[in-house]
Amino acid sequence: MGQVRRKNWFTAMGVLFIVVASIAIIRDLLIWGPEFTSDFFTSSDITSEKISVAMFGIAGFLIILGLRGENYEE
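All chains use their own residue numbering, which begins from 1 and follows the written sequence. The predicted origin of the model limits local features to residues at a pLDDT of at least 70 and limits the giving and counting of side-chain atom pairs to 80 or more, whereas totals for whole chains, interfaces and linings rest on all residues. Remark: hydrogens and water are excluded; side-chain values derive from all non-hydrogen atoms of the structure.

### Brief notes about the overall build of the chain
Only DSSP runs of H or I with at least four residues qualify as helices, and only runs of E with at least two residues qualify as strands; both kinds are numbered from the N terminus onward. Along the chain, the regular secondary structure elements total 3 helices and 2 strands. In sequence order, the secondary structure elements of the chain are arranged as β-α-α-α-β. Residue contacts are defined here by distance: any two heavy atoms, one from each residue, within 4.5 Å place the two residues in contact. Here the analysis covers contacts within the chain between residues at least 6 apart in sequence; of these, 74% occur between residues at least 24 apart. Only the protein chains shown count as covering a residue, and every accessible area follows the Shrake-Rupley method with a 1.4 Å probe. Of the roughly 5600 Å² that the chain leaves accessible, carbon and sulfur atoms contribute 69%.

Shown next, in the form of structure tokens:
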């Protein structure tokens, strides 16, 4: 018939990581403001903002991994 692309969980998990990381950063911006949030990014401590940046990286990797999935003949 034609080529069919199977659903994969990598892309879904990547989108989920992006949503969770965005919620954390927006929450901190609303609570602390932009100047304190930028201080959290540049401090030497491990903060939720730095973890959110790592989550964006993991999300990008998962989305790329999901998009290079194989097509199957049906």
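### Notes on a nonpolar patch on the surface
Patches were defined on residues exceeding 30% relative accessible area and lacking a salt bridge, with like-charge contacts within 9 Å and nonpolar side-chain contacts (Val, Leu, Ile, Met, Phe, Trp, Tyr) within 5 Å. Put simply, a salt bridge is a Lys or Arg side-chain nitrogen that is within 4 Å of an Asp or Glu carboxyl oxygen. Side chains of V15, V19 and I23 sit close together on the surface and give an oily, nonpolar patch of about 260 Å² of accessible area. Relative to the assigned elements, V19 resides in helix α1 (residues 9-32).

### Thoughts on the UniProt feature "transmembrane region" (unreviewed entry) in the chain
UniProt positions are given in the numbering used here, feature names are shortened, and annotations may be inferred rather than shown by experiment. UniProt annotation of "transmembrane region" (unreviewed entry) refers to residues 12-31 and 51-69 when read in the numbering used here. End C-alpha atoms of residues 12-31 are separated by 29 Å, and the span's content is 100% helix alongside 0% strand.

### As for the pattern of salt bridges
One pass over the full model with this rule turns up 1 salt bridge. D28 is paired through a salt bridge with R27; the nearest N and O atoms lie 3.2 Å apart. Under the scheme applied here, a residue whose accessible area is under 20% of the maximum for its type counts as buried, over 50% as exposed, and between as partly exposed, the area being computed with a 1.4 Å probe on protein chains only. You can call R27 partly exposed: its relative accessible area is 43%.

### Focus: the environment of D28
Tracing the chain through its elements places D28 in helix α1. Here D28 falls in the buried class, since its relative accessible area comes to 5%. Between the C-alpha atoms of D28 and E49, which are 21 residues apart in sequence, the distance is 8.2 Å. Excluding anything up to four places from it in sequence, D28 contacts G33, T37, S48 and E49.

### Observations concerning the side chain of S52
If you trace the backbone, S52 turns up in helix α3 (residues 48-67). Apart from residues lying up to four places away in sequence, S52 is in contact with A21, A24 and I25.

### Details of the packing of α1 against α3
What counts as an axis is a line fitted to C-alpha atoms, over the stretch in contact for a helix, and the angles between N-to-C directions run from 0 to 180 degrees. Two elements in contact, α1 and α3, have axes whose closest approach is 8 Å; the angle formed by their N-to-C orientations is 160°. The angle between the axes of α1 and α3 places the two elements in the roughly antiparallel class. Between α1 and α3 lies a crossing whose hand is left-handed. A breakdown of the residues in the contact of α1 with α3 according to their chemical character gives 17 nonpolar, 6 polar and 3 charged. Between 65 and 115 degrees an angle is taken as roughly perpendicular, under 35 as roughly parallel, over 145 as roughly antiparallel, and anywhere else as oblique. Here a crossing is called left-handed whenever its near helix is offset anticlockwise from the far helix by less than a right angle, and right-handed whenever the offset is clockwise. Under this grouping Gly is polar, as are all residues other than the nonpolar Ala, Val, Leu, Ile, Met, Phe, Trp, Tyr, Cys and Pro and the charged Asp, Glu, Lys and Arg.

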